[in-house]
Amino acid sequence: MKVLGLEGTAHTISAGIVDDNRIISNFSSTYIPKNGGIHPKEAAIHHADNILPVMKKAFEESGLSPGQINLVAFSMGPGLGPCLRVVATAARAFSIKYGIPLIGVNHPLGHVEIGRKLSGAKDPIMLYISGGNTQIIAHEENSYKVLGETMDIGLGNLLDKLARDVGIPFPGGPKIEEFALKGDKLLDLPYSVKGMDTSFSGIYTAARNYIGRESIENICYSVQETTFSMLVEVLERALYYTDKREILLAGGVARNDRLRSMVSHMAKSSGYVAYLTDKKYCMDNGAMIAQAGMLMYLSGQRQHIMDTKVNQSFRIDEVKVPWINSKKPVISNNRGAEALISESQFYGRKTITKQRVEKEYRNQELDRKIRTERMKNEFNLIFRLKSNGINSPILYDFDKYNFTLVMQKLDGITLNKLIRNGDNYMAVINKLGQIIGEMHNLLISHGDLNPNNIMVVGPDIYLIDPSMGKFNCEIEDMADDIFLLTESFKNLYSNYDVLENHFISSYKEKSTNYVEIIKTLDEIKQRRRYV
């Protein structure tokens, strides 16, 4: 099967042709603004002027004629509306003229599938990073799930904004990478991770405030070290969460050699296989749209021309992906992305020793800071939870030099394992809602509330690993807790809506700030529904 793919979501207009085995041709033209960032109307004019030339060159390179194409695929979204409409119009015209089927493709899906085609990855966790997107993606139950993403701006957007502030022309990422190689001082920037979600707007503001006070080299170095460490951390957490064994790195920012080395280092040290998409195809390209369109078509998906309206907010988790066989995760209570957990004894009591291990892929200074802060925070929050009647492990020892906590061994299973086993878990969900409501009334947030950090021991529920939580927390932090838990329901279980409804209903019974928290939760959902 031979497929023509047309890409035009943002700055690049591209045409690519693929068949079942290879990329036959690909040709692109990129809009470079004279100043500032991308101007959608100007980019659309560029695309309209160049769509026919790039298609012509793609056909010349392939040696094929339009009549030999079996399917035309185009980027339906997400992206800039004027740009999307140019490509959609061209695809429809080609489809009508040559009488061949037409299919609209989700742009991130294209990045995933061209990466799998080129690398041979079967069922990977994907770290997808571009100007408008920063997502952790994994396949589960017939579709790709977004396990984590930016809560505000994409990382590529941050880099482009910073580049403009220091006088670097668009695109700013490559020059920032070049400056970062000459930096050697780690500046104090926010490290913004919530579960598997990230936030970059605060880092941008902090980095901008250093302009004129610190060298451009050290600013770029610090931004890269901080943001890349955040991404590799959430990637590693997602691997433990899903029990996937492969990593796929893609998107425009994935061309950065420092990021590629960090992902490779993490994978090698933890026993994973890292696939790094060829740099040429990390950038937006027509071949990736062709590849995704071919897989959609071969799986039986069809679209009438009236169904091909562009969608600027098109999500990858809205697309059916039946061509991947996802294996069910093997769940263990003795694994963690950040710590080694071993059974121990403390004066005859059964305990576990939790050691926060050094992450060699991270800057050493940053790594020590993160491990120290989280270990202290976990100790303090477990103590406060226990003191206020919320079940959590008994703490026996704290060693700040070896980064270890010794705590009570809980003879139970995680909520994740309970639900996966199909046990009687609905009563646990109802009780959990009440517990979290009570915890929030105490102005305590957990910070990483998900089914793997909730232990079920007989009739009791224990909260573990609140290392990213807060005491004297605000409404936003409480809403974050609920968001993280309900999103993990959505990503892990087919009956997520039932689980969420039961949890929210019982949470409402206990929470004294329910109305305000749920209002904030809705706002967070809209912010995180980034494309």
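The notes below deal with the structure included here. (Residues numbered from 1 in each chain as written. Predicted model: local features only at pLDDT ≥ 70, side-chain atom pairs only at ≥ 80, totals over all residues. Heavy atoms only, no water.)

Helices and strands together make up the secondary structure of the chain, namely 16 helices and 21 strands. Principal axes of the C-alpha set define a box for the chain whose edges measure 80 × 55 × 45 Å. Every one of the 531 residues in the chain was classed for burial, and the buried ones make up 57%. Summed over all atoms, the accessible surface of the chain reaches about 21,600 Å², with 49% contributed by carbon and sulfur. (Helix = DSSP H or I, 4+ residues; strand = E, 2+ residues; numbered from the N terminus. Buried < 20%, exposed > 50% of the residue type's maximum accessible area, 1.4 Å probe, protein only. Areas by Shrake-Rupley, 256 points an atom, 1.4 Å probe, with all protein chains shown as cover.)

The subject of this paragraph is the environment of Pro 190. Among the secondary structure elements, Pro 190 is positioned in the loop between helix 5 (173-180) and strand 9 (193-194). Separated by 12 residues in sequence, Pro 190 and Gly 202 place their C-alpha atoms 6.6 Å apart. Discounting residues that sit within four places of it in the chain, Pro 190 has contacts with Gly 202, Ile 203, Ala 206, Thr 226 and Met 230. (Contact = heavy atoms within 4.5 Å.)

Moving on, we get to the side chain of Glu 140. Within the secondary structure layout, Glu 140 lies in strand 7 (residues 134-140). The class for Glu 140 is buried, based on a relative accessible area of 9%. At a separation of 3.4 Å, a polar atom in the side chain of Glu 140 contacts the side chain of Arg 420. (Polar contact = N/O pair within 3.5 Å; in protein donor to acceptor, adjacent residues only side chain to side chain.)

A few words on the pattern of salt bridges. In this structure the tally under the stated criterion is 28 salt bridges. Residues Glu 378 and Arg 356 are paired through a salt bridge, measuring 3.1 Å at the closest nitrogen-oxygen approach. Taken together, the positions of Glu 378 in helix 11 (residues 364-387) and Arg 356 in strand 14 (residues 349-356) put the pair 22 residues apart, joining distant regions of the chain. Judged by its relative accessible area of 3%, Arg 356 falls in the buried class. When the shortest N-O distance is used, the salt bridge between Lys 409 and Asp 411 registers 2.9 Å. Looking at Lys 409, the relative accessible area reads 23%, which means it is partly exposed. The exposure class of Asp 411 is exposed, given its relative accessible area of 54%. Look at the salt bridges and you will find they share partners, linking Glu 233, Arg 237, Arg 362, Asp 367, Arg 371, Arg 374 and Asp 448 into a network. (Salt bridge = Lys/Arg side-chain N within 4 Å of Asp/Glu carboxyl O.)

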